[in-house]
Each structure stands twice: as C-alpha cells, then as structure tokens.
Amino acid sequence: MKRQSLMMKGLVYVVLVIGSLFCLFPIFWMVRTSLITMGDLYQIPPALIPKSLSWDNFKAALEAYPFARFFMNSTIITVLAVVGVLFSSSVCAYSFSRIEWKGRDKVFGFILTGLMIPFFVVMIPQYVFWNALHLTDTFAPLVAPAWFGGGVFNIFLLRQFFFSIPRELDEAAKVDGAGHFRIYGQIILPLAKQAMIVIGLLTFLANWNDYLGPLAFITSEKNYTLMQGLTLFQGSYSAQWNLMMAATTVIVIPSLIVFLIAQKHFIEGIAMTGIKG
Amino acid sequence: MKSNPVMPGPYAALPKGKRKSGQELRYGLLFASPVLIGYLLFVLFPIVASIYLSFTTYSVGTLPKWIGTANYQTLFSGADPFFYPAVTATFYYVFVSVPLGIVISFFMAVLLNQKIKGRAFFRGVFYLPVIIPLAASSMVWMWLLQPDFGIVNYVLELLHLPTSQWLGDTTSVVPTLILFSFWTLGNTIVIFLAGLQGIPAHLYDAIEIDGGGRFHKLFYITIPMSSSIIFFNTVIAFINGFQAFVQPSVMTQGGPNNKSLFYVLYLFNEGFKSSRMGSASAISVLLFLVIALFTAVIFFFSKSFVYYEGKGGKS
C-alpha cells in the first residue's frame, strides 16, 4: 500500500515536470535563438546552448524598424487604457452597488448582456463610427472604450467587491456630511485596492498583448504598436529566425517582468474572477 | 416615509423620500454615465448597425445600398467560396481543442491539488504561457515547428519518429493549431485548481472511512463537485475558440488551401482586406447568433448551478 502510493506520487511529479517542460521549452528556445549567429542557426545538430552568444541580433532587430517608436505607442495606449479602466469601472461599480437609484439592478442586468458580445461583432460598425469622426489611425478607438465603462466584466467584479464592504462605513461618513464623491474616493477606493490591482494587471496585459485592435484601427507605420511591428518584421526577415526571435524576446519581456513581479496577484485574480476565459 | 406638512423650504411640497430618491437617481446616473454612454456607443449601436449593414452592400466612403438577404444567400448557397471552408475549419478546431483542453487542464489541476511540494511553482509555470502575447508565441511556435530546421522535427528524427510539415500541410495544420492551444491552458488550470481547493476535506474523509480509494474520490467527489466550474469553463472555451484569430493570422494566414481559415479571420479579411463590409457584417451576425446561443446556455444553467462558492484557496 505504502509503496504503491509512493509510486503514484512519483508519477504525479513526472507528469508535472513533463507539463512544465512543455510550457517552458518554447520560451527557452526563443531566448536561446535570439542570442545566436546566423551560422549557428542552421547548424546540425543544433546545440542546446551554443558556444558563442551575442547581443548583435537585438541591435540589428531594434535598428531594422523604429521599435522605440512602436514601444512608445504600445506604452501610451496601455497606460491610457489602464488608467481609464480603473477610473471608469470603479465609478460605475460604485453607482451599481452603493447608490440606491430606481431601476438600478434592471439597468445593470441589461448592461451585463454586453459581457459576451465578441469584439468581432461590433468591430466593423466601430470602424465606420471612428472613420466618420476621422479618428481611425489614432489611439482613440483603442483607448476610448476603456474610459467609457472599461469593460462590463470589470464593473461586475468591482461591484461584487464593493458589496462586501460594510455599509455602516457609508452611513457613518454620511452623518459626517460626506457626499458620494467623498465616499467613493476616501472610503470605497482605498478599501478596494486589492481588486483594483488585479483589474489593472489584467487590463495591462490585455492591451499590451492586443493584436486585433491595432490591426483593425491603426494603418500608418508611425502609429504601429509592438505587435504590429512584429508582423512587419515577419514580412521581411522570415528566414532569419535569430533576428525574429530577438524581436519577439524584446516584446515578451515587459509582460514577463510584470508577471514575475505580480505573480501572486495574477493567480489570485484569475481564481477570483473564476469564469473569465 | 411621511412628509412633514409644516416643513418649510422650496421642497416642502415633495415627500422627503421622493426628494432623496430623485437626488440618488441623479447621482446614480452620473456615476454610471461612462458605461451607459459606452454601452450605447460601443455595443448597442454597433450591433444594430451590424444587423442593418448585413442587408446592404457597403464599403467605407460609399453609402450602404439595401440588397435584402442577398449577403446571406451568397454565404449559404456556397457562392462565396470561403464560407464553408471557414465554418469547417473553425468547427474542426473548436470541437477538438475544447474538450481535449478541458480534460487536460482538469487532469493537471487534480495533480496539482495532491499533497505535493512546489505546487506554487508548477502553477506559475503552467500560467506563464498565458501572459505571453499570442502574436509573439505564435512566432516562437512557428520556429519550433519549422519543417526543415525546427527543433521539433530534429528531435523526432533523432528518435526515429515520423516528422511532420506541421503548419505547412493541409491535413496537419489544424491539429498543429490544436496542439498549440494546449500551451495556453494555464488559465483554466488555475481556475480548476481554485475550485478543487474549495471542496470540503470532510467529504474525502468520509470516502476514506468507507474504504474508498483514489478513483472513488475522483469519480464520486472531485468531478461531481466541480461539475459547474467544468461546465462554465467549457462553454467559455467554446466561445473563445470561435474567436481564435491571432494564431491563424500570424502563423498561416488561413492556409494552406484555406484549411486554417478560421471564421473570424475570414470575417476580418472580408471586412478589412476586401472592403466588403456588408457581407462581413452578415458573417459577424451569424457569429453573434452562435455566441448568443452559447451565452444563453450559460445564463439558463447558471440558475440551476447554485453551488458556486469555490472562493479560491491559498497555497
């Protein structure tokens, strides 16, 4: 009995290690390829870690296209989106949880239907809309939705969170003469820091990693994001995998750093959000 | 609430409760205004517009011209050579990758839920691929699977196993994309694990007292207690699967021979590359209907699945 359970445990570790290798190897191979020379690239047999490593690919990759510019564009879009989402989703969640207004829950139920609307269904009319305003090929189409509600899902999450904050705190503040602005800013927001961090992180990733949005709305190269820059690169360096992987590594690093710093928040956030795909 | 009839002031005529509720309504609408405007502008109006445009022929810079159901007829009659290939490719991908993905991630979550060392480490490792931009990981996998110089074929050759053209062959392209989809199961694994950790330990103790073993625990407690979370994640995975865009867009552009022309890639090409926005709208309306159906299933069943208190234990 004892021996059998020990074997079982060993088996569990074996499967987990195989799974981990499956997850980690592509990332390792990306970094490894980004550091080798063209000569080593097609070497048979390929060395796991080549003898000579160099940073030249990064230099070449970053000079081939205005990556600094793409990096700036991605950063601007992401920052504006994160700030917008944090502000507008918390304000709206406050209304739907702390202010007693007539029809509130019916309106919220209606808005919840937006939860599952795929971007693909609204993409073309949105394009027509922004085009009519002469705002395609700007950051506006990518950032504006963040400021107008910031995603029904985030409002839903924050609303749940706000419900868990004791109402007595509001009442006490009201007695002291505080209005909704002060209750929102000085009581609810500080207490919801944890949930706000999770939403901020998920929003960062969603925008930094976004590929479809820029592809639909951004057309001129000077406004490209990093993801678009990567596909540009793919077009002209398709056989130079070491350069390709250098560019890819550069793009992955910010997401990687954010994850390593905030891993705990991510995992707890995902578990908390439960149904988010 | 009764008003005080002798109360002075401009609002004296109004009952106190009404005055208050009017004020709360104003504040409520003010605070909710971002999402109210946003919902109208970015959800409701576009959906209505999509439906309207689907009955027209339209490209940016022209006026939409009403053509009735012609767009839909073109799609269903097969006059559009891409519609059925796109539907076939997408269904193939979704109906294989989702069930397999759910089984694999639940299995991994069950393993992680054993009394093991380094659970947090494994969990972090499985989650890592999820945060990497899909466009970037698509690129990495293209290199891994490159038929002539990729490491995967090299290793297979070394082991005297059959190699593959992977993304380059009409029969292997969708299976390859399915394999790639398993790389980003970390999200589902983490959600399943949180659910498993919420299952009360006394249930397992009860089985042990009755002399049940590992498999009894799995089939009589773990799986039934996770049924709702499995169900939800399956439906969500279907909804996401129908919208797989980045992978075919970066890796195959729908090829070879349209075998990986996923539905949303076809939709994007029709609207933005071919500038046929009327027909693209018809394609998007059909997607909307399919996803609405899946969503309705969730809402319908969420009422019967009351047990949903897995709060996500810490470890």
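The shown structure was predicted, so the numbers you read here are calculated from the model rather than taken from an experiment. (Residues numbered from 1 in each chain as written. Chains lettered and ligands numbered in written order. Predicted model: local features only at pLDDT ≥ 70, side-chain atom pairs only at ≥ 80, totals over all residues. Heavy atoms only, no water.)

**Re the overall build of chain A**
Then, in step 1: Helix and strand counts for chain A come out as 14 helices and 0 strands.
Then, in step 2: Along the chain direction, N to C, the helices and strands of chain A fall in the order α-α-α-α-α-α-α-α-α-α-α-α-α-α.
Then, in step 3: For 277 residues, the compact-globule formula gives about 19 Å, and the C-alpha radius of gyration of chain A, at 24 Å, lies well above that figure.
Then, in step 4: For chain A, the C-alpha atoms occupy an extent of roughly 75 × 70 × 35 Å along the three principal directions.
Then, in step 5: A buried classification covers 51% of the 277 residues belonging to chain A.
Then, in step 6: Total accessible area on chain A is roughly 12700 Å²; 69% of this is exposed by carbon and sulfur atoms. (Helix = DSSP H or I, 4+ residues; strand = E, 2+ residues; numbered from the N terminus. Rg over C-alpha atoms; globule rule 2.2 N^0.38 Å. Buried < 20%, exposed > 50% of the residue type's maximum accessible area, 1.4 Å probe, protein only. Areas by Shrake-Rupley, 256 points an atom, 1.4 Å probe, with all protein chains shown as cover.)

**Describing the overall build of chain B**
Then, in step 1: Summing up its helical and strand segments, chain B has 14 helices and 2 strands in all.
Then, in step 2: Counting the 315 residues in chain B, one finds 49% classified as buried.
Then, in step 3: Carbon and sulfur atoms form 67% of the exposed surface of chain B, whose accessible area is close to 15400 Å².

**Side note on the interface of chain B and chain A**
Then, in step 1: Contact residues are listed per partner, giving 90 residues for chain B and 93 residues for chain A.
Then, in step 2: Counting the surface lost from both chain B and chain A, the interface buries some 8400 Å², and carbon and sulfur atoms represent 81% of this.
Then, in step 3: When residues of chain B are sorted by the area they lose upon contact with chain A, Phe31, Phe42 and Trp143 of chain B head the list and together hold 11% of the total.
Then, in step 4: Summed over the shared surface of chain B and chain A, the number is 0 salt bridges.
Then, in step 5: Sort the elements by how many residues they give to the side of chain B that touches chain A and helix H1 (residues 16–53) of chain B lands first, with 24 residues.
Then, in step 6: The residue inventory of the side of chain B that touches chain A, partitioned by class, reads 69 nonpolar, 15 polar and 6 charged. (Contact = heavy atoms within 4.5 Å. Buried area = accessible area lost by both parts, 1.4 Å probe. Salt bridge = Lys/Arg side-chain N within 4 Å of Asp/Glu carboxyl O. Nonpolar A, V, L, I, M, F, W, Y, C, P; charged D, E, K, R; others polar.)

**Notes on the environment of Pro129 of chain B**
Then, in step 1: Take Pro129 of chain B: it is sitting in helix H4 (residues 119–131).
Then, in step 2: Judged by relative accessible area, Pro129 of chain B falls into the buried class, the value being 1%.
Then, in step 3: For the pair Pro129 of chain B and Ser164 of chain B, spaced 35 residues apart in the sequence, the C-alpha separation amounts to 24 Å.
Then, in step 4: Discounting residues that sit within four places of it in the chain, Pro129 of chain B has contacts with Cys23 of chain A together with Trp183 and Thr184 of chain B.

**Here we look at the UniProt feature "transmembrane region" (unreviewed entry) in chain B**
All names here are of chain B.
Then, in step 1: The feature "transmembrane region" (unreviewed entry), as given by UniProt, occupies residues 27–55, 91–112, 124–144, 177–197, 218–239 and 280–301 in the numbering adopted here.
Then, in step 2: From the first C-alpha to the last, residues 91–112 spans 31 Å; its make-up is 100% helix and 0% strand.
Then, in step 3: Each end of residues 177–197 is marked by a C-alpha atom, and these two atoms are 31 Å apart; helix forms 81% of the span and strand 0%. (UniProt positions renumbered as here; feature names shortened; annotations may be inferred.)

**A short note on the domain arrangement of chain A**
Then, in step 1: The domain boundaries assigned to chain A delineate domain 1 (2–58) and domain 2 (65–236).
Then, in step 2: Distance from the C-alpha centre of domain 1 of chain A to the C-alpha centre of domain 2 of chain A: 37 Å. (Domains from an automatic or database assignment.)

**Focus on the pattern of salt bridges**
All names here are of chain A.
Then, in step 1: The tally for this structure, following the rule as stated, stands at 5 salt bridges over all chains.
Then, in step 2: We note a salt bridge from Glu100 to Arg167, for which the minimum N-O separation is 3.8 Å. Of this pair, Glu100 sits in the loop between helix H4 (67–98) and helix H5 (104–112) while Arg167 sits in helix H9 (residues 167–175); the two residues are 67 residues apart in sequence, bridging distant segments of the chain.
Then, in step 3: A relative accessible area of 49% places Glu100 in the partly exposed class.

**A look at the nonpolar core**
Then, in step 1: Leu16 and Phe96 of chain A together with Phe126, Phe245 and Leu287 of chain B are the most contacted members of the largest nonpolar core, which totals 184 residues.
Then, in step 2: Considering every element that reaches this core, the biggest residue donor is helix H14 (residues 241–273) of chain A, with 14 residues.
Then, in step 3: The two domains that each donate at least three residues to this core are domain 1 (2–58) and domain 2 (65–236) of chain A. (Core = buried A, V, L, I, M, F, W, Y, C linked by side-chain atoms within 4.5 Å.)

**Structural notes on the UniProt feature "domain: ABC transmembrane type-1" (unreviewed entry) in chain B**
Then, in step 1: Per the UniProt record, "domain: ABC transmembrane type-1" (unreviewed entry) is annotated on residues 87–298 of chain B.
Then, in step 2: With 73% helix and 0% strand, residues 87–298 of chain B has end C-alpha atoms that lie 23 Å from one another.

**What to know about the packing of H4 of chain A against H5 of chain A**
Residues and elements named next belong to chain A.
Then, in step 1: At a minimum axis distance of 9 Å, the contact between H4 and H5 shows a crossing angle of 135°. Taken together, the axis directions place H4 and H5 in an arrangement best described as oblique. Judged by residue contacts, Ser95, Phe96, Ser97 and Arg98 of H4 engage Arg104, Val107, Phe108 and Ile111 from H5.
Then, in step 2: Looking at the contact of H4 with H5, its residues break down into 4 nonpolar, 2 polar and 2 charged. (Axes fitted to C-alpha atoms, helices over the stretch in contact; angles between N-to-C directions. Parallel < 35°, antiparallel > 145°, perpendicular 65-115°, else oblique.)

**With respect to the packing of aromatic side chains**
Then, in step 1: In the structure shown here, the tally under the stated rule is 54 aromatic pairs over all chains.
Then, in step 2: Each residue in the set Phe119, Phe120, Tyr127, Tyr211 and Phe217 of chain A together with Phe245, Phe268 and Phe272 of chain B is aromatic and connected to the rest through ring pairs, giving one cluster. (Phe/Tyr/Trp six-rings, centres within 6.5 Å; stacked < 30°, edge-to-face > 60°.)

**Comments concerning the UniProt feature "transmembrane region" (unreviewed entry) in chain A**
Residues and elements named next belong to chain A.
Then, in step 1: Listed under "transmembrane region" (unreviewed entry) in the UniProt record, and renumbered for this structure, are residues 12–31, 76–96, 108–130, 142–162, 183–206 and 241–262.
Then, in step 2: Between the C-alpha atoms that bound residues 108–130 the distance is 27 Å, and the span itself is 74% helix and 0% strand.
Then, in step 3: Spanning residues 142–162, this segment combines 81% helix with 0% strand, and its end C-alpha atoms are found 28 Å apart.

**Some words on a nonpolar patch on the surface**
Then, in step 1: Taken together, the side chains of Met72, Ile76, Val79, Leu80, Val83, Phe87, Trp147 and Phe148 of chain A together with Ile37 of chain B present a nonpolar region at the surface, about 750 Å² in accessible area.
Then, in step 2: With 6 residues, H4 of chain A is the single largest residue contributor to the nonpolar patch.
Then, in step 3: Residue position: Trp147 of chain A is located in helix H7 (residues 140–147). (Patch = residues over 30% accessible without salt bridge, like charges linked within 9 Å, V, L, I, M, F, W, Y side chains within 5 Å.)

**Looking at the confidence of the model for chain B**
Residue and element names in this part refer to chain B.
Then, in step 1: Averaged over all residues, the pLDDT of chain B is 88; the fraction at 70 or higher stands at 90%.
Then, in step 2: Every residue in residues 1–13 scores below 50 in pLDDT, and together they form 7 contacts with partners more than four places removed in sequence or on other chains.
Then, in step 3: Note that residues 306–315 has pLDDT below 50 and, in this model, 16 contacts with residues that lie over four places away or in other chains. (pLDDT = per-residue confidence, 0-100.)

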